[in-house]
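# Per-entry structural report
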Amino acid sequence: MFKLAYLALDKVNQGIIILDKDLKIVFWNAWLEQYAGKSQEETIGQKLPQLFSDLSRKPCLDAFQGALFHRQSRFLSGALHHCFIPPAEEIQKDVRQNLLVEPLDYNDEKYILLQISDMTGHYSRVKQLKHMIKEIDSEYEQVRAAEKINRFKAFHDALTGLPNRYLFYDRLDNAISMAQRNKEMLAVVFLDLDGFKEVNDSYGHEAGDYLLQAVAERLRVLLRESDTLARLGGDEFLFIFPQIKSESDAATIAKKILTALAHPFLFWGWELYLTASIGISLYPKDASDSRNLINKADLAMYQVKDSGKNDYHFYHSVT
Amino acid sequence: MLNPLQKDALTELVNVYVGYAASLLSEMVGLRILLSVPRVDLIPESEMEQGDLPLPDIFSPGHIVSSYVSFGQDFRGKAFLVFPVQQAKLLVNACIGEELLLEEGDAVPPRFLDTDFDVLKEISNLILNAVIGEFGNLLETRVVFTVPEVELIDVTESDQRLFLKDGVYILILHTTFTVAEIQVQGVIMIALNLNSVSCLLNKIDAMLEA
């Protein structure tokens, strides 16, 4: 029976070592003979820490002492210790082994049982898996970033970076709901540049693009945090001014806009002059939905165009 | 359950034990690791059923990582080292030198791989052996240990305490790990039978009288 148990230990697919109290090897199984390239004749009777320097490190010696004197079992992982017994064929890099150290008593003598499992293949698969997870995470981040950019592009004007028509409608619907709830007034301002087509025709599209960007910049600085400025397309801009107290607030804003555009724009040494026609509609006075508010501000703006440009009109004053 | 003097004495003893474990851990991973137990509670298991106990926050529902060892002979029981899953991952990554950025309010638990469990197994083996071994020395009794098992448990409100049902009293050691400037919160819980608790309290009383 004893012989049978001995044979079984030789057959197991991991390294089995038994040490006596002086850390001398009393058993060295066949798996280790092949793995470490050292026969039983070479190892039995030898002190294990002297034979393999990795096993003379303090954590290993502590584990051996713990097993001998305190009957403690210890597990030492390949993740933290890498290798305890180097393989004979150093083909594999980054060898990882787990070591289990357990006390063993026999005939009033103290022994230590060591079980060594080669985890190299396992660690290499884990490494690949971690690499894969990292790649998936990074791709996911890229997709998220691209999605963010696409969402921005879908709702903003590419030339000026201002909200586009879709975002403007959405903001206006929200602003109307808010104004309705709080019983407040809001103004929709429709702005169309005067003479923009002439600048485009005389100085080229590059000048036109530059002008639109410069106008957007000048208008942007007039906004409060709660206001919205959007480019509808061409040379048309739209504003939402929520929480205004009276019609004169809207008039003041319109005057500020006209003043902001009064200074010339410099393009390649040329001084370009622009004015704007502005139409204003008010919630709830002129309309209570976004489409009508915009249409009425548009009508008011055309009234300015017809009556000489570079001015502002309220919708109700033109009807 | 513990009077203030016993509590102070036990806290001091446990801090010495985990301090020893910390120095072993530091040598092992090559990083300065500090372990401290600022608070110790001893509560009867029956009281744990009733709520209103000094249970640590990590017993809120969610994922936890628990490793446990059984120990026996004169001083008998089961010892657990318990971490919220993110804290466990933080500890493992600090020990193997990998970076882990936790996002606030991240509902997805970090991915745990087999190799992470091996690291936790070794850490808990070292700490629980040190603590239980020193209790054995204190009580002058032989303690036989097993190697810890590590589990990832999804703890729901109703079964939070089920895995503790192994002793009559629960000694709770609120533990803070500091690994390379990263703080990790965990708890050492020791489920003890009545006889072991009596031995421990008698020994502490004797020390206090001396």
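Residues numbered from 1 in each chain as written. Chains lettered and ligands numbered in written order. Predicted model: local features only at pLDDT ≥ 70, side-chain atom pairs only at ≥ 80, totals over all residues. Heavy atoms only, no water.

### A short note on the nonpolar core
Within soluble globular proteins, side chains that are nonpolar tend to cluster in buried spots. In terms of nonpolar packing, the biggest core is built from 66 residues, with B:I127, B:F135 and B:I190 touching the most fellow members. In this structure, A:L162, A:F196, A:L211 and A:I278 belong to the second largest nonpolar core, which totals 36 residues. (Core = buried A, V, L, I, M, F, W, Y, C linked by side-chain atoms within 4.5 Å. Buried < 20%, exposed > 50% of the residue type's maximum accessible area, 1.4 Å probe, protein only.)

### Overview of the interface of chain B and chain A
Often, the extent of an interface is quoted as the loss of accessible area on bringing the components together. Taken together, the contact between chain B and chain A spans 25 residues of the former and 25 residues of the latter. When the buried area of chain B at its contact with chain A is split by residue, B:L113, B:T115 and B:E122 rank highest and sum to 24% of it. As a salt-bridge pair, A:K58 and B:E27 come within 3.1 Å of each other at their nearest N and O atoms. Mapped by element, the contributors of at least two residues to the side of chain B that touches chain A are helix 1 (4–29), helix 3 (85–96), helix 4 (114–138) and strand 4 (143–145) of chain B. With eleven residues, the top contributor of residues to the side of chain B that touches chain A is helix 4 of chain B. When the residues that make up the side of chain B that touches chain A are grouped by side-chain class, the tally is eleven nonpolar, five polar and nine charged. (Contact = heavy atoms within 4.5 Å. Buried area = accessible area lost by both parts, 1.4 Å probe. Salt bridge = Lys/Arg side-chain N within 4 Å of Asp/Glu carboxyl O. Helix = DSSP H or I, 4+ residues; strand = E, 2+ residues; numbered from the N terminus. Nonpolar A, V, L, I, M, F, W, Y, C, P; charged D, E, K, R; others polar.)

### Points about empty space enclosed by the protein
The tally for this structure, following the rule as stated, stands at one cavity of 30 Å³ or more. Of the pockets and cavities examined, the largest cavity occupies roughly 50 Å³. As for the largest cavity, its lining consists of A:P59, A:D62, A:R74, B:L24, B:E27, B:M28 and B:L126. In terms of residue count, the dominant contributor to the lining of the largest cavity is helix 1 of chain B (three residues). Broken down by class, the residue content of the lining of the largest cavity amounts to four nonpolar, no polar and three charged. (1 Å grid on protein atoms, 1.4 Å probe; cavity = no way out; pocket = protein on both sides within 12 Å on 5 of 7 lines; lining within 4 Å. Points joined across faces, edges and corners; volume = space filled by probe spheres on them.)

### Quick look at the pairing of strand 3 (residues 77–84) of chain B
Residues and elements named next belong to chain B. When you tally the buried positions in strand 3, you get seven out of eight residues, the bulk of the element. Note that strand 3 and strand 7 (residues 182–192) share six bridges and pair antiparallel. Across the sheet, residue F80 finds its bridge partner in strand 7, namely M189. (Pairing = 2+ DSSP bridges.)

### Looking at the sheet that holds strand 6 (residues 185–194) of chain A
Residue and element names in this part refer to chain A. An order of 7-8-6-11-12 is seen for the five strands of this open sheet, with the pairing classed as mixed. Either end of the sheet is taken by a strand with one partner, and the two such strands are strand 7 (228–233) and strand 12 (311–314). Along the sheet, successive strands turn relative to each other by an average axial angle of 20 degrees, direction set aside. In this structure, strand 7 lies alongside strand 8 (residues 236–244), joined through five bridges in antiparallel fashion. What sits directly across from A230, in strand 8, is L238. Sitting on the sheet, helix 10 (residues 205–220) touches strand 6, strand 7 and strand 8, and the angle it makes with strand 8 is about 5 degrees. Contacts from helix 12 (residues 290–306) reach strand 6, strand 8, strand 11 (275–283) and strand 12 within the one sheet, and its direction differs from that of strand 11 by about 145 degrees. (Axes fitted to C-alpha atoms, helices over the stretch in contact; angles between N-to-C directions.)

### Details of unusual backbone geometry
Residues and elements named next belong to chain A. In this chain, Y283 is followed by P284 through a cis amide linkage whose omega measures 5 degrees. The phi dihedral of R71 is positive, around 55 degrees, even though this residue is not glycine. Note that R71 resides in the loop between helix 5 (58–70) and strand 3 (74–76). Even without being glycine, H82 reaches a positive phi, approximately 65 degrees. You can see H82 is positioned in the loop between helix 6 (78–81) and strand 4 (97–106). Residue H82 is classed as partly exposed on the basis of its relative accessible area of 34%.

### A look at helix 7 (residues 120–155) of chain A
In a regular helix each residue adds 1.5 Å, so 36 residues correspond to 52 Å; helix 7 of chain A covers 52 Å between its end C-alpha atoms and thus fits that length. Taken together, the buried positions of helix 7 of chain A are A:T120, A:Y123 and A:V126. Those residues of helix 7 of chain A that are buried lie in contact with helix 6, strand 4 and strand 5 (109–118) of chain A together with helix 4 of chain B. (Expected span 1.5 Å × (residues − 1).)

### What to know about a nonpolar patch on the surface
All names here are of chain A. Together, F2, Y6 and Y106 give the surface a local cluster of nonpolar side chains, amounting to about 360 Å² of exposed area. Here Y6 shows up in helix 1 (residues 2–11). Take Y6: its relative accessible area is 32%, and that puts it in the partly exposed class. (Patch = residues over 30% accessible without salt bridge, like charges linked within 9 Å, V, L, I, M, F, W, Y side chains within 5 Å. Areas by Shrake-Rupley, 256 points an atom, 1.4 Å probe, with all protein chains shown as cover.)

### Concerning the packing of aromatic side chains
In total, this model carries twelve aromatic pairs over all chains according to the counting rule given. Centroid distance A:F239 to A:F241: 5.3 Å. Interplanar angle 15 degrees. Geometry classified as stacked. A:F239 sits in the buried class, given a relative accessible area of 0%. Note that B:K89 overlies the ring of B:F112, its terminal NZ or CZ placed 5.6 Å from the centroid. (Phe/Tyr/Trp six-rings, centres within 6.5 Å; stacked < 30°, edge-to-face > 60°. Lys NZ or Arg CZ within 6 Å of the ring centre and 35° of its normal.)

### Brief notes about the environment of A:T160
Residue and element names in this part refer to chain A. Examined against the element boundaries, T160 turns out to sit in the loop between helix 7 and helix 8 (165–182). Classification of T160 by relative accessible area gives buried; the value is 9%. In this structure, T160 is in contact with L212, Q213, A216, R220 and R231, ignoring residues within four places of it in sequence. In this structure the side chain of T160 is engaged in a polar contact, spanning 3.3 Å, whose partner is the backbone nitrogen of L162. (Polar contact = N/O pair within 3.5 Å; in protein donor to acceptor, adjacent residues only side chain to side chain.)

### A few points about the confidence of the model for chain B
With 81% of its residues at a pLDDT of 70 or more, chain B shows a mean pLDDT of 79. Averaged pLDDT values for the elements of chain B fall to 68 in helix 2 (residues 45–48) of chain B and rise to 88 in helix 4 of chain B. (pLDDT = per-residue confidence, 0-100.)

### Notes on the sheet that holds strand 5 of chain A
Backbone-to-backbone hydrogen bonds pair the strands of a sheet. The strands run either parallel or antiparallel. Residues and elements named next belong to chain A. Pairing is antiparallel in the open sheet, where five strands are placed in the order 2-1-5-4-3. Every interior strand has two partners, whereas the edge strands, strand 2 (25–28) and strand 3, have only one. Across the sheet, the mean angle separating the axes of adjacent strands is 20 degrees when strand polarity is ignored.

### Comments concerning the pairing of strand 6 (residues 169–179) of chain B
Strand residues, when the strand is regular, have side chains that alternate between the two faces of the sheet. Residue and element names in this part refer to chain B. With eleven of its eleven residues buried, strand 6 lies for the most part within the structure. Of the two faces of strand 6, the one carrying Y169, L171, L173, T175, F177 and V179 and the one carrying I170, I172, H174, T176 and T178 are both buried. Sheet analysis places strand 1 (residues 33–44) next to strand 6, joined by ten bridges and oriented antiparallel. Across the sheet, residue D41 finds its bridge partner in strand 6, namely I172. As judged from the eleven bridges shared by strand 6 and strand 7, these two strands associate in the antiparallel manner. Within strand 7, the residue paired with Y169 across the bridge is L192. Hairpin connection of strand 6 to strand 7: two residues between the antiparallel strands, including A180 at a positive phi of 45 degrees.

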